[in-house]
Amino acid sequence: GQYFVRCLVKEYVFEPVSRLIDVEEGASVTVEMIGRRIAFSCYGLVRSLAMQPIKGVTVTARGLSNCSDTHEASTSEADGTFRLRGLPPYCGYKVEVLAQAGVERAIPQSV
C-alpha cells in the first residue's frame, strides 16, 4: 500500500518535508529524511519547598528583546518535570511558573 510519511519534531526542519512511499505486504522500507536543528528545548523540574514534585503546573517561556514574539508553555508531569520546546537560539527568555491553585508562590519568581 501507499503511506504518507512526515516528520514532526518542533526543533527541526526536515528535507524532504514529506514523502509518499509504497510498501508491499510483509516488506520493510527505509526512508531517508534529513533534519536540521532550528530551535532548542528548556528542561526543568517543579518542586515544593519540601522537595516534592508538583504535577500539572504551567511553566512559560517568553522571549526578551528581539525575540519578544516567542512564547512557549508546558505543563509539569507527575514527576515534576517539564519541557519547553521550540525555543529559537540566540534569544534571552523569561521562564516562570504561572500562578494557579496549589502554587502559592515561586522561588525565584522567574529566571
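Before going into details, it helps to say that this report is about the structure given with it. Residue indices follow the written sequence of each chain, beginning from 1 at its first position. Only residues with pLDDT of 70 or above have their local features reported here, since the model is predicted, and side-chain atom pairs are shown and tallied only from 80 upward, although totals for entire chains, interfaces and linings are computed over all residues. In computing side-chain properties, one takes all heavy atoms of the structure into account and sets aside hydrogens as well as water.

### Here we look at the overall build of the protein chain
Item 1. For helices the rule is a DSSP run of H or I covering at least 4 residues; for strands it is a run of E covering at least 2, with both sets numbered from the N terminus onward. Along the protein chain, the regular secondary structure elements total zero helices and nine strands.
Item 2. Counting from the amino terminus, the protein chain carries its helices and strands in the arrangement β-β-β-β-β-β-β-β-β.
Item 3. Since a compact globule built from 111 residues should have a radius of gyration of about 13 Å, the 19 Å found for the protein chain marks it as more spread out than a globular shape.
Item 4. Its C-alpha atoms give the protein chain principal-axis dimensions of about 60 × 35 × 20 Å.
Item 5. For the protein chain, the residues scored as buried account for 23% of the 111 residues in total.
Item 6. By definition in these notes, contact holds between two residues if any of their heavy atoms fall within 4.5 Å. Taking as baseline every contact in the protein chain between residues at least 6 positions apart, the subset at least 24 positions apart corresponds to 46%.
Item 7. Total accessible area computed for the protein chain in this model is approximately 8200 Å², and 51% of it derives from carbon and sulfur atoms.
Item 8. Positive charge is attributed to Lys and Arg, negative charge to Asp and Glu, and no charge count is given to His or to the chain ends. For charged residues, the charge sits on one atom: NZ in Lys, CZ in Arg, CG in Asp, CD in Glu. Measuring between centres, the 12 positive side-chain charges of the protein chain sit 9 Å from its 12 negative side-chain charges. Throughout, radius of gyration means the C-alpha value; the globule benchmark is 2.2 Å times the number of residues raised to the power 0.38. Note on classification: 1.4 Å probe, protein chains only; a residue is buried when its accessible area is under 20% of the maximum for its type, exposed when over 50%, partly exposed between these limits. Here, Shrake-Rupley sampling with a 1.4 Å probe gives the accessible areas, and only protein chains in the shown set may cover a residue.

### Some points on the nonpolar core
Item 1. Working definition of a nonpolar core: buried Ala, Val, Leu, Ile, Met, Phe, Trp, Tyr and Cys residues. They are joined through side-chain atoms within 4.5 Å. Listed in full, the 10 residues of the largest apolar core are V46, V57, V59, A61, F82, L84, L87, Y93, V95 and V103.
Item 2. Where this core is concerned, the elements lending two or more residues are strand 6 (58-63), strand 8 (81-87) and strand 9 (93-97).
Item 3. Broken down by element, this core gets its largest block of residues, three residues, from strand 8.
Item 4. If we skip the residues at most four places from it in the chain, V59 touches V46, E72, A73, S74, F82, L84, V95, E96 and V97.

### As for the environment of F4
Item 1. Relative to the helices and strands, F4 resides in strand 1 (residues 2-6).
Item 2. Among the residues examined, F4 registers a relative accessible area of 56% and is labelled exposed.
Item 3. C-alpha of F4 to C-alpha of Y90: the two residues are 86 residues apart in sequence and 34 Å apart in space.
Item 4. With near-sequence residues (within four places) excluded, F4 lies in contact with S18, R19 and L20.

### A look at the sheet that holds strand 6
Item 1. Strand pairing is assigned whenever DSSP identifies at least 2 bridges connecting the two strands. Pairing is antiparallel across the open sheet formed by three strands, whose spatial order is 7-6-9. Taken across any chain shown, the strands that pair with only one partner, and hence form the sheet edges, are strand 7 (71-75) and strand 9. Averaged over all pairs of adjacent strands, the angle between their axes in this sheet comes to 15°, without regard to strand direction.
Item 2. As defined by bridge partners, strand 6 adjoins strand 7 across five bridges and the pair is classed as antiparallel. Residue pairing in the sheet places T60 in a bridge with A73 of strand 7. All axes here are fitted lines through C-alpha atoms, helices being fitted over the stretch that makes contact, and every angle between N-to-C directions spans 0 to 180 degrees.

### A word on the pairing of strand 6
Item 1. Judged from the five bridges that link them, strand 6 and strand 9 form a sheet pairing that is antiparallel. Its bridge partner lying in strand 9, V59 is registered against V97.

Treat this as a map of the structure, not an account of what it does.
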